[in-house]
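Each chain, letter by letter, is given below.
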Amino acid sequence: MNAMGTISLGFIRSPRADFLWFVALPPIALLIAFFFHNTLPYVAQASVAVWVTAPHHYAGWVRGYGLDEDWTRWKNRLILGPIILIPSIVLGTAMVPVTLGIVFLLWDHQHSLMQQYGFARIYDFKAGTDAAFTKRFDFILSVLLYGNMLITAPLWAELWIAELHRWGLALDVEAIRQIQAMSWMILGAFAVIYVGHVIAGAVRGDRFNPMKYLFLLSSYGLWYFVSWQDSFLLYIVAHRIMHGVQYILMVYWYVERKADRTGKTPLLLSNLSLSRFLLLGGAYAIVFHLVTGGNLSHFSFGLINSLQMDPILNFSLEKATGFYAATAVSAASACHYYLDSYIWKIRDPQIQEGL
Amino acid sequence: MGWLRAQKVILLVYIGGLTLAAFELNLAQFEPDYLIKSESLLNPETNIADVSSELYPDRAYSFYYRALQASMCSGPGREAQPECQGRDPVKPHEIRELIEHSLATGNRSNEMAMYNYAIVLLQENATPELVDAAIAVWRVNYPQSKNLDPREMVREARQTSASGNRTGRGESEHRTR
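This part is about the overall build of chain B. Scanning chain B from N- to C-terminus turns up nine helices and zero strands. Split into buried and exposed, the 177 residues of chain B put 30% on the buried side. Partitioning the intrachain contacts of chain B with sequence separation of at least 6 by distance along the chain shows that 54% fall at a separation of at least 24.

Moving on: the packing of helix 1 (residues 15-39) of chain A against helix 9 (residues 210-227) of chain A. Residue and element names in this part refer to chain A. Two numbers describe how helix 1 lies on helix 9: the axes approach to 9 Å, and their chain directions differ by 15°. With respect to their mutual orientation, helix 1 and helix 9 come out roughly parallel. Seen from above, helix 1 lies across helix 9 with left-handed handedness. Contact residues: helix 1 offers Asp18, Phe22, Val23, Pro26, Ala29 and Leu30, while helix 9 offers Met211, Leu214, Phe215, Ser218, Ser219, Gly221, Leu222 and Phe225. Looking at the contact of helix 1 with helix 9 residue by residue, the classes come out as ten nonpolar, three polar and one charged.

All names here are of chain A. Take Asp18: it is sitting in helix 1. Note on Asp18: 21 C-beta atoms within 10 Å, which makes it buried. In this structure, the C-alpha to C-alpha distance between Asp18 and Ser330, residues 312 residues apart in sequence, is 31 Å. Setting aside its immediate chain neighbours within four residues, Asp18 contacts Phe11, Ile12, Arg13, Val23 and Met211.

This next bit is on the interface of chain B and chain A. Contact with chain B, which involves 36 residues of that partner, is made by 29 residues of chain A. Elements supplying a minimum of two residues to the side of chain B that touches chain A: helix 2 (8-26), helix 4 (48-55), helix 5 (60-72) and helix 8 (128-141) of chain B. The element best represented in the side of chain B that touches chain A is helix 2 of chain B, accounting for nine residues. Split into classes, the residues belonging to the side of chain B that touches chain A amount to 20 nonpolar, eleven polar and five charged.

On to the domain arrangement of chain B, then. Each domain of chain B was delimited in the assignment, giving domain 1 (1-30) and domain 2 (31-166). Computed from C-alpha atoms alone, the centre-to-centre distance between domain 1 of chain B and domain 2 of chain B is 36 Å.

The next point concerns helix 2 (residues 45-66) of chain A. End to end, helix 2 of chain A covers 29 Å across 22 residues, agreeing with the expected 32 Å (1.5 Å per residue, within 8%). Residues of helix 2 of chain A that are buried: Gln45, Val48, Thr53, His57, Ala59, Gly60, Val62, Arg63, Gly64 and Gly66 of chain A.

Moving on: the environment of Glu79 of chain B. Residues and elements named next belong to chain B. Topologically, Glu79 is positioned in the loop between helix 5 and helix 6 (94-104). For Glu79, a count of 13 C-beta atoms within 10 Å puts it in the partly exposed group. Once the C-alpha coordinates of Glu79 and Val90 are considered, the two residues, eleven residues apart in sequence, prove to be 8.4 Å apart. For Glu79, the contacting residues outside a window of four places in its chain are Cys73, Cys84 and Pro89.

Residues and elements named next belong to chain B. Across chain B, pLDDT averages 84, with 90% of residues at or above 70. Within chain B, helix 6 carries the highest mean pLDDT (96), whereas helix 3 (residues 38-41) carries the lowest (79). Taken together, the stretch residues 168-177 has pLDDT below 50 and engages in 24 contacts with residues farther than four places along the chain or on a different chain. Here the predicted complex scores 0.85 on pTM and 0.86 on ipTM.

All names here are of chain A. Across the interface, helix 1 lies against helix 10 (residues 232-262) with an axial gap of 8 Å and an inter-helix angle of 145°. Considering only the axes of helix 1 and helix 10, their crossing is right-handed. Across the interface between the two elements, Trp21, Phe22, Leu25, Pro26, Ala29, Leu30, Ile32, Ala33, Phe34, Phe36 and His37 from helix 1 touch Leu233, Leu234, Val237, Ala238, Ile241, Met242, Val245, Gln246 and Leu249 from helix 10. Residues belonging to the contact of helix 1 with helix 10 are distributed by class as follows: 18 nonpolar, two polar and no charged.

Procedures and definitions
- Residues numbered from 1 in each chain as written.
- Chains lettered and ligands numbered in written order.
- Predicted model: local features only at pLDDT ≥ 70, side-chain atom pairs only at ≥ 80, totals over all residues.
- Helix = DSSP H or I, 4+ residues; strand = E, 2+ residues; numbered from the N terminus.
- Buried ≥ 20, exposed ≤ 12 C-beta atoms within 10 Å, placed from the backbone.
- Contact = placed C-beta atoms within 7 Å.
- Axes fitted to C-alpha atoms, helices over the stretch in contact; angles between N-to-C directions.
- Parallel < 35°, antiparallel > 145°, perpendicular 65-115°, else oblique.
- Left-handed = near helix turned anticlockwise from the far one by under 90°.
- Nonpolar A, V, L, I, M, F, W, Y, C, P; charged D, E, K, R; others polar.
- Domains from an automatic or database assignment.
- Expected span 1.5 Å × (residues − 1).
- pLDDT = per-residue confidence, 0-100.

Shown next, in the form of structure tokens:
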């Protein structure tokens, strides 16, 4: 922490690492996304899911299931979460796919906004700038910024306008424009209140961490920019890189810091029990099998074949494979969203040890 | 109270999801294809094509919705349909031009815009080179697509239409997913 008057600089890792991964990464991710947009086929966006999104799920598993401390602390949730979520995903995929799509889109947005809000909270924690009401003000700012983007940006407005038609709640153009204008007004009004809160804090002698604001500016700059482009691919690639890379690094640093400060976790993987190590080995085997073009039936315990044989479902091989893949992808995301909703509470002293 | 607070995210997800699921299981408009049906595209009071075009006239989906609208009101007997009355008559090549505008935005997230472009080219008897190029663009971007080859789709539609005409029934050639 480096204090200068009302400014108190605090970094998640170090000045250089923070500027690279939390301030420069979003524009770099945008450049990569434009490369995808201009030169690669649409299907290439799936590779970002494979190489960034899947590993960021894995990082979450390592923290949640790999550390003895987290395992002991949240054992019930870590066991019950997948037991409840996975059958729900299976049922949802089979019976209510539109609902599942909407729920996932909304949960993904909530998850994304909460990750950046969480990093902002870490910046305040690290700089000792967590003044009274700052947490609440930052949360409202995040929700309004993100919500306004969903309401007013064409990329997202196209989606909810279409869904309203499906629900028989279609709005005319004038009503949509009024809602969007109202959203901007609410955001603008709160921005004034927020600035007033910061100025009042400075007058009281509260300090603030400019890194937090640089980080938020960079993150929301990426989201707002891509949401006004006419390309879903740009959003998918840029967002997944920012979200996934920052998360993977955060987990790595967290585990490392925990090891340094508590001595309980010497290295990322060395404290894993045999059973968890075997589970990771199984996951590696699945990934290796898929990457090398192996047939899904070989490790699905006959699930795909049984779907084909089922007299009611009567799936083709293609449909069974698609069903299996869609279920697996959705289930992994659901478990990840749920896990993250409780393992990153910055107010928690045990978590602060890893920050 | 503490338990509820700790579980608020998952509870909200399930309450919201179950509510939506109840709608999806009971309302016809939750069919995946609902948004490209005539109720959504040609409703004279408000429809997604007109709303999108007015709000975002230069975006890919606005052009594509208008192409779907035009395809629903073009062809023998279609202009006389109640939902097409009061709309400007579809001009020659209008559907093709609208899809070309949609693709020219660079947005490639709509597989059916690429697919239907190839279909429209086939229907307009475009040169084989143009058709092959359009199909190649679709295939490169969506290599795992389960849709029939557009040439086969048009061939099948023409056969169905011919047999329909023999039995006095007209069939649609346009695939407007």
